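Fold and geometry: a report
Here is how the chains run, residue by residue.
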Amino acid sequence: MSTSDLESAADVARPLDAGPHAALRAKFPLLESCVYLNSNSTGAVPRDVEHVLARYWETLRTWRDDVWQGWLEGLGRYADSVATLIGAPPGSVVTDANLSTLLARVASCFDYRPPRDRVVTTDLEFPTVPFVWNAFRRYGARLDVVGTGGPRFDEDALERHIDERTLLVCVPHASFSSGATLDLARLVRRAHDVGALVVVDAFQTVGVVPLDVAALGVDVVLGGSHKWLCGVGTAFLYVRPDLVGDLEPAATGWQAGDRAMTFQPSTGWAAGAQRFAGGTPYPLTSLASQVGLDLLAGVGMPAIRAHSLACTQRIIDRAEAAGIPVVSPTEPHRRGGVVCLDVPDGEAVKRRLAERNLVCSWRGYLRVGPHVYNTLEEIDEFMDALESERRGGDDR
Ligand SMILES: Cc1ncc(COP(=O)(O)O)c(C=O)c1O
């Protein structure tokens, strides 16, 4: 059975049991004030983050330099927790402020020399991805953007564009604009067959769609905490452990060196993914993000995915019944955590829904992003209001 078959076999829609679900919901104060269906943009953050913030202030108030030891352990613990969630070994993930920084650091590892100088990507990337790669044209990178102009990936075209001239394939696991997912197993197979590496932007899946990086054999995975991981302001980078030794980032900093904590000049690289670190790390966001990650790990990715599919299916069923065009793929194994709807005057509709405390986002389409803490009843309430707004707000 291939990885993609395994992924589809796991695509069962089943809401969490009511008791544990209510207990989980109670941990997210944001849910008390609105119907929050915006996790594809910014996820809800658990109440216990308040304790982390209070401890952090206490640490600053009573400052001593040896605090750093505990902070570094906290940073390492968060990175290893992300690793566990994506099926990676400890030490294979490093964190930094955002995905853009980490992607540029990866990009800085390569010499873009013909004949292997191409970076194959798609037209469904979050804007930072083409922006970073365009900047690397200066160093010889040749960008090959494969697109359909539509909401889905053209995997056949993508496969055709990957050949012996391809250095890197940089794609999302799911599109931020349509929610469509990509068959990574097929892509990795094709890329590795011709000697190319695969870099995946998994910001829109990690935390809501299972991802097993070791089973896939994918080379590099990036993502972040503030959407589906219920965290705040930190991003992560996984690099395949047997590849790390071949990569030397030019965009770097002293924390990537083998003697960082001796404050002597380093002559080599730190072990594992730590060689992709930069300067002085910022621990607060990892410490705060640990709380949400632990909650998700406690539920487990298969149960989260099953709950998510039940929620997204309800959105699709209600939209189809109401005649609202669904932009996202409707097949379970082809959709991520968000359902995009084509609603005329969508931005204004989003604003009017927000006035009713029904929160979603708009990026050309109305994006409805339920997470493990949402209920089917909330989705019905949202869809009732959406239908009403399409009729001009007749129930206001
Ligand atoms: C797919 C995807 N990639 C990247 C980002 C963000 O990148 P960065 O952390 O650099 O802001 C987002 C959303 O914010 C996203 O949806």
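It should be emphasised that the depicted structure is a prediction, and the values quoted were computed from it without experimental measurement. (Residues numbered from 1 in each chain as written. Predicted model: local features only at pLDDT ≥ 70, side-chain atom pairs only at ≥ 80, totals over all residues.)

1. Concerning the pairing of strand β8 (residues 235–239)
In plain terms, the rule: Counting other C-beta atoms within 10 Å of a residue's C-beta gives its exposure: the residue is buried at 20 or more, exposed at 12 or fewer, and partly exposed in between, where C-beta atoms are placed from the backbone. For helices the rule is a DSSP run of H or I covering at least 4 residues; for strands it is a run of E covering at least 2, with both sets numbered from the N terminus onward. Here a strand pair is declared whenever DSSP counts at least two bridges between the two strands.
Taking burial as the measure, the 5 residues of β8 include 5 buried ones, the bulk of the element. Every second residue of β8 is oriented toward a common face, with A235, L237 and V239 on one face and F236 and Y238 on the other, all of them buried. Taken together, the 4 bridges between strand β2 (residues 93–96) and β8 define a ladder with antiparallel strand orientation. Opposite D96, over in β8, you have A235 as the bridge partner. Of the pairings in the sheet, the one linking strand β7 (residues 220–224) to β8 comprises 5 bridges and is antiparallel in character. The partner of G224 across the bridge, within β8, is A235.

2. Here we look at the UniProt feature "domain: Aminotransferase class V" (unreviewed entry) in the protein
Our working definition: UniProt positions are given in the numbering used here, feature names are shortened, and annotations may be inferred rather than shown by experiment.
Within this numbering scheme, the UniProt entry marks residues 78–358 as carrying the feature "domain: Aminotransferase class V" (unreviewed entry). For residues 78–358, the helix share is 35%, the strand share is 14%, and the end-to-end C-alpha distance is 32 Å.

3. A word on the sheet that holds strand β9 (residues 339–341)
On the basis of which strands lie adjacent, the open sheet formed by 3 strands has the order β9-β12-β11 and antiparallel pairing. The sheet is open, and its two borders are formed by β9 and β11 (361–362), each paired with just one other strand. Here 2 bridges tie β11 to strand β12 (residues 366–368), and the two strands are oriented antiparallel to one another. By the bridge assignment, S361 is partnered in β12 with R367.

4. Notes on the domain arrangement of the protein
What counts, and what does not: The domain boundaries here were taken from an automatic or database domain assignment. A residue pair is marked as a contact if its C-beta atoms, positioned from the backbone, fall within 7 Å. Note on residue classes: Ala, Val, Leu, Ile, Met, Phe, Trp, Tyr, Cys and Pro are nonpolar, Asp, Glu, Lys and Arg are charged, and everything else, Gly too, is polar.
Taken domain by domain, the protein holds domain 1 (3–42 + 300–390) and domain 2 (50–296). Of note, the centres of domain 1 and domain 2, computed from C-alpha atoms alone, are 26 Å apart. Contact residues are listed per partner, giving 28 residues for domain 1 and 25 residues for domain 2. Here the side of domain 1 that touches domain 2 gets 5 residues from one element, more than from any other, and that element is helix α12 (residues 301–322). Classifying every residue of the side of domain 1 that touches domain 2 gives 10 nonpolar, 12 polar and 6 charged.

5. Quick word on the confidence of the model for the protein
Quick note on the threshold: Here pLDDT means the predictor's own confidence in every residue, given as a number from 0 to 100.
Scored by pLDDT, the protein comes out at a mean of 95, with 97% of its residues at no less than 70. Low pLDDT (under 50) marks residues 1–7, which in the prediction has 11 contacts with non-local residues, meaning those over four places away or in another chain.

6. Digging into α12
What sets the pattern is the α-helix's 3.6 residues per turn: residues three or four places apart point alike. Cut-off, in case you're wondering: In this scheme, a helix's expected span is set at 1.5 Å multiplied by one less than its residue total.
Its 22 residues place the ends of α12 31 Å apart at the C-alpha level, agreeing with the 32 Å of an ideal helix rising 1.5 Å per residue. G323 sits one or two positions beyond α12 and adopts a positive phi of about 75°.

7. A closer look at the nonpolar core
Selection rule: In these notes, a nonpolar core means any group of buried Ala, Val, Leu, Ile, Met, Phe, Trp, Tyr and Cys residues linked to one another through C-beta atoms within 7 Å.
Core analysis: the biggest nonpolar cluster contains 113 residues, and I86, V93, V169, L222, L237, Y238 and L341 have the highest contact counts within it. Built from parts of two domains, this core gets at least three residues from each of domain 1 (3–42 + 300–390) and domain 2 (50–296).

8. Let's talk about the sheet that holds strand β4 (residues 142–146)
Formally: Here an angle of 0 to 180 degrees is reported between the N-to-C directions of two axes, which are lines fitted to C-alpha atoms, with helices fitted over the stretch in contact.
Ordered in space as β2-β8-β7-β6-β5-β3-β4, the 7 strands form an open sheet in which the pairing is mixed. This sheet does not close on itself; its edge strands, each paired only once, are β2 and β4. Across this sheet, the average inter-strand angle for adjacent strands is 20°, counted without regard to direction. Strand direction decides the pairing type here: strand β3 (residues 118–122) and strand β5 (residues 166–172), joined by 3 bridges, are parallel. Of the residues in β5, the one forming a bridge with R118 is T166. On the sheet, helix α4 (residues 67–85) packs against β2 and β8 and is oriented at approximately 120° with respect to β2.

9. A word on the packing of α12 against helix α14 (residues 376–390)
Each packed pair of helices is defined by two parameters, the angle between the axes and the distance between the axes. Let me state the cut-off plainly: Any angle that is under 35 degrees is reported as roughly parallel, and any over 145 degrees as roughly antiparallel; angles of 65 to 115 degrees are reported as roughly perpendicular and all others as oblique. By definition, any crossing whose near helix is turned counterclockwise from its far helix by less than a right angle is left-handed, and any crossing with a clockwise turn is right-handed.
At their nearest, the axes of α12 and α14 sit 10 Å apart, and the two run at 25° to each other. Comparing their axes, α14 and α12 come out roughly parallel. α14 is crossed by α12, and the crossing has right-handed handedness. Together, A310, C311, R314, I315, R318 and A322 of α12 and L376, I379, M383 and E387 of α14 make up the contact between the two elements. The class makeup of the residues in the contact of α12 with α14 is 7 nonpolar, no polar and 3 charged.

10. Examining the pairing of β5
We apply this condition: Every crossover in which the path from the first strand over the helix to the second runs clockwise, viewed with the strands pointing away from the viewer, is termed right-handed.
Most of β5 sits inside the fold, with 7 of its 7 residues counted as buried. Both β5 and strand β6 (residues 197–201) contribute to a ladder of 5 bridges, which runs parallel. Directly across from P172, in β6, lies its bridge partner D201. Handedness of the β5-helix α8 (residues 184–193)-β6 crossover: right-handed.

11. Describing the packing of helix α3 (residues 49–61) against helix α11 (residues 283–299)
Two elements in contact, α3 and α11, have axes whose closest approach is 8 Å; the angle formed by their N-to-C orientations is 150°. Between α3 and α11, the angle is such that the two are roughly antiparallel. For the pair α3 and α11, the sense of crossing is right-handed. For the pair formed by α3 and α11, the contact residues are V49, V52, L53 and Y56 on the first element and L284, L287, A288 and V291 on the second. In the contact of α3 with α11, the residues fall into 8 nonpolar, no polar and no charged.

12. Examining α3
Taking 1.5 Å per residue, 13 residues should reach 18 Å; α3 reaches 18 Å between its end C-alpha atoms and fits that length. Burial analysis of α3 places just 1 of its 13 residues in the buried class, which makes it a mostly uncovered element.

13. Overview of the environment of L229
For L229, the location among the structural elements is in the loop between β7 and β8. By C-beta crowding, L229 is classed as buried, having 25 other C-beta atoms within 10 Å. Residues in contact with L229, not counting those within four places in the same chain, are G43, V206, G207, S289, G292, L293 and L296.

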